[in-house]
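Working through the structure, step by step
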Amino acid sequence: MSKAVIFFRILNTGGTYVDDYVEVTDDVDFSGVGKIKQSLDNTEYDIGVFRTSSFKIKLDNSSGRYNEAPDYLSMFQYKRSGTIVKVTWEPGNHPLQAGFIEDVGYDTVLSTEEVVFYGLLNDDSSETDIETQLVSFSVLGLESILFKEAETTTSLSNGQSFSSAITEALNLSSLMDLPVIISLSMSVSVDKTIDDASKFNNKKLKEVIEKLLFASNSVLFITLAGVVTVKPRTPTASSQYTFYGQASSAGIENIVELSGFKTGYNRIINHVSWKDVAGAVTDTTSIAHYG
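Overview of the structure.

About the criteria used
- Residues numbered from 1 in each chain as written.
- Predicted model: local features only at pLDDT ≥ 70, side-chain atom pairs only at ≥ 80, totals over all residues.
- Heavy atoms only, no water.
- Salt bridge = Lys/Arg side-chain N within 4 Å of Asp/Glu carboxyl O.
- Helix = DSSP H or I, 4+ residues; strand = E, 2+ residues; numbered from the N terminus.
- Buried < 20%, exposed > 50% of the residue type's maximum accessible area, 1.4 Å probe, protein only.
- Contact = heavy atoms within 4.5 Å.

Another point: the pattern of salt bridges. Throughout the structure, instances matching the rule amount to 6 salt bridges. Linking aspartate 27 and arginine 65 is a salt bridge whose minimum nitrogen-to-oxygen distance equals 3.0 Å. Placement of the pair is aspartate 27 in the loop between β2 (22-23) and β3 (54-60) and arginine 65 in the loop between β3 and β4 (84-90), with a sequence separation of 38 residues. Residue class for arginine 65 comes out partly exposed when judged on its relative accessible area of 24%. For the salt bridge of lysine 206 with glutamate 210, the shortest nitrogen-to-oxygen distance reads 3.0 Å. Pair noted here: lysine 206 and glutamate 210 are both in helix α3 (residues 205-215), with a separation of 4 residues, about one helical turn. With relative accessibility at 16%, the residue glutamate 210 sits in the buried group.

Within the fold, serine 81 resides in the loop between β3 and β4. For serine 81, a relative accessible area of 17% puts it in the buried group. Setting aside its immediate chain neighbours within four residues, serine 81 contacts Leu11, Leu121, Asn122, Asp123 and Lys148.

Take a look at the structure:
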């Protein structure tokens, strides 16, 4: 039988992370656990809007274990917000049984426990149901730190390359101080230089990085191995996954449901203009056909 396991890594009284994780699976109300969601930075009408991964979690707090710090019953010594949340998944729990006969011994490993998500507990919108004693939290991806931090951008300068500016901005953030972050991997598609760095003054870190990623035609994500990765926004050489429909002769059916199918006309861009720049780029053939 497969199983999910959830761990917390809390902050000690000095505000730094303790060395070990504490398992909280037994207190989790799995009927109240939401789906882990990850989103691209583009929708049908925009591109380069940074979004964080997230899910919801409910915990049994009848013991007071998840009270706000510094409650003496609480496991949290400094604060709840910022606690590192690790979710693991074991595809096949052991032992297997055939009727009343145990098929595999406890010393035989049928599958390994794999980390599927790292995130941070968010206390901003937490709430407790007094009757059930269930406390609800949002768990946001590690990149959510970028949403909260104000960026001191006086160090970014005119003539600085996009890759250098992104690296500098990330290193100024608390993201790089998290114990689950190992390294930074930097590679951008367009590595031009900043002409007016003052535009970044008094901007939040998220906005600074969004603008730099957009200008460099790049994306940012964090791997489960703890590598903060910036890569060019380029297509791969081959398809990463193939969907097969009903009675497909090319492969096993794997489409459960297909809805909201669109022609894609809404994504066509055939007239582009720039603010404060005269003129525009127009595709008259496309406009005549698609509008």
